[in-house]
Amino acid sequence: MAKVRVATTWLECCSGCHMSMLDLDEKLVELASKIEFDASPITDIKEFHPVDVGIVEGAVGNEEQLEVLKKIRENSKILVALGDCACFGGIPAMRNFFKKEEVLKRVYVETESTVNPEKVIPHEDVPKLFPSVKAIDQFVKVDVYVPGCPPDPKAIEYALRELLEGKIPVLPPELLSYE
């Protein structure tokens, strides 16, 4: 039996959802007998090939992230939004309370650790920042939502096992966490 091909990526996020996935520990090894990871931030493979399941952590806040999201959607039969940032915008969406220019000034000029005497805000070497951060379903079709910050490893395992059985998972309430 062929393994289910999976690709994962992260956008604007803290990577906690991927860490939660790694917290599956020995269950991840068991799942590895049925899943083949085609690409992930952990393997640092940035090209997406056609896969059965694409898993996206994080929200969309700039042009580069939108491009990555569209590529993984185009190559995935089923797309999973993993974590509150992908599902709802999460913590990155807190910058939506500020104007884009205020955010860039704070990041590149005003942070306590920044040394930028000319107060230059880069525009060429960094992806163009969008005026606001949005959940991934604002840009592409999402088939499965696994919320949580981060999602409990049991929720991730449940979703993966359901997908392996050919089902679209709907998480039972006891696996949802909003910590």
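Note: the structure precedes this text.
The shown structure was predicted, so the numbers you read here are calculated from the model rather than taken from an experiment. (Residues numbered from 1 in each chain as written. Predicted model: local features only at pLDDT ≥ 70, side-chain atom pairs only at ≥ 80, totals over all residues. Heavy atoms only, no water.)

Caption draft 1: Geometry of unusual backbone geometry. Cis geometry is found at the peptide bond from Cys149 to Pro150, where omega equals -10°. Counting through the fold element by element, Pro150 comes out in the loop between β7 (144-146) and α6 (153-164). One non-glycine residue, Ser15, adopts positive backbone phi at about 75°. Along the chain, Ser15 turns up in the loop between β1 (4-10) and α1 (16-22). Unlike most non-glycine residues, Asp25 shows phi in positive territory, near 50°. Checked against the element boundaries, Asp25 lands in the loop between α1 and α2 (26-32). Given a relative accessible area of 48%, Asp25 falls into the partly exposed group. (Helix = DSSP H or I, 4+ residues; strand = E, 2+ residues; numbered from the N terminus. Buried < 20%, exposed > 50% of the residue type's maximum accessible area, 1.4 Å probe, protein only.)

Caption draft 2: Up close: the nonpolar core. Membership of the largest hydrophobic core comes to 20 residues, with the highest contact counts inside it found for Leu24, Ile55, Val80, Leu82 and Val146. Looking at this core, the elements that each hand over two or more residues are α1, α2, β3 (51-57), β5 (76-82), β7 and α6. Counting residues per element, this core draws most heavily on α6, which supplies five residues. In this view, Leu24 contacts Leu31, Pro153, Ile156, Glu157 and Leu160; residues no more than four positions away in its chain are not counted. Counting 18 residues, the second-largest nonpolar core is a separate cluster that includes Ala7, Ala81, Phe130 and Val140. (Core = buried A, V, L, I, M, F, W, Y, C linked by side-chain atoms within 4.5 Å. Contact = heavy atoms within 4.5 Å.)

Caption draft 3: Fine view of the side chain of Ser20. Tracing the sequence through the fold places Ser20 in helix α1. Beyond its immediate chain neighbours, meaning those up to four positions away, Ser20 contacts Pro150, Pro151, Asp152, Pro153 and Ile156.

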